[in-house]
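The primary structure of each chain is shown beneath.
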Amino acid sequence: MIRLYIREATADDIPNLHKLIEMAYRGEASRAGWTTEADLLAGQRTDPDDLATILSDPAQRILTAWRGDNLAGCILLADRGSGCGYFGMLSVFPPMQSLGVGRQLVTAAEAVAKARFGADRMRISVFPQRETLIAWYERLGYRQTGDTLPFPYGNPRFGLPLRDDLYFVVMERELA
């Protein structure tokens, strides 16, 4: 596992965050890693305005992982109330995937959610078609709850669907 410096994102990080997130999820560049959504969605994953909104919301944070001066990854975390934290938008620079960056970011997000939001459990939502990613989360202790969430069809801000059967499965893990 590589050594990283993890800190909360600031508004100055938005250009680098946006580039990283798009590279990790969409287009040909995302295929260099194993977490691509390029076969499910085209278009954007997020935009600078969305990132600015997240950073200005006291119930949300974005953690960044740095290797020297290079942004290696990021993760969004949010307070969902009643002791429930949520993480999403886990993004790792594709050539650095499988080096432990994602695991370190999830661990950090869990710790911050517990300390800042009083979370005793964490949730994530994942496309069921991403079986390899679901298996990775299961190795981290996450389990499918049986709940599902609809995909926001018709809102291009979340991407342009390449299929008509998209939805999310909800996974959860109790925090120690």
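Please refer to the structure placed before this passage.
Residues numbered from 1 in each chain as written. Predicted model: local features only at pLDDT ≥ 70, side-chain atom pairs only at ≥ 80, totals over all residues. Heavy atoms only, no water.

### Structural notes on unusual backbone geometry
Then, number 1: For Ser82, which is not glycine, the phi torsion reads 55° and is therefore positive.
Then, number 2: Residue placement: Ser82 occurs in the loop between β4 (70–79) and β5 (84–92).
Then, number 3: Even without a glycine there, the phi angle at Ser98 is positive, about 80°.
Then, number 4: Tracing the chain through its elements places Ser98 in the loop between β5 and α4 (101–117). (Helix = DSSP H or I, 4+ residues; strand = E, 2+ residues; numbered from the N terminus.)

### Considerations on the pairing of strand β9 (residues 167–174)
Then, number 1: In this sheet, β9 lies alongside strand β6 (residues 121–126) in antiparallel orientation, the contact comprising six bridges. Across the sheet, the residue bridging to Ser125 is Val170, located in β9.
Then, number 2: Taken together, the five bridges between strand β7 (residues 143–150) and β9 define a ladder with antiparallel strand orientation. Across the sheet, residue Pro150 finds its bridge partner in β9, namely Tyr167. (Pairing = 2+ DSSP bridges.)

### Focus: helix α5 (residues 131–139)
Then, number 1: Those residues of α5 not exposed but buried are Leu133, Ile134, Trp136 and Tyr137. Buried residues of α5, viewed axially, fall in a sector of 155°; they line one side. Of the exposed residues in α5, those oriented more than 90 degrees away from the buried face are Glu131, Thr132 and Arg139.
Then, number 2: Buried-residue contacts for α5 involve β5, α4, β6, β7 and β9.
Then, number 3: Looking at the residues trailing α5, positive phi occurs at Gly141, about 100°. (Buried < 20%, exposed > 50% of the residue type's maximum accessible area, 1.4 Å probe, protein only. Arc of directions from axis to C-beta. Contact = heavy atoms within 4.5 Å.)

Purely geometric numbers; function is a separate question.
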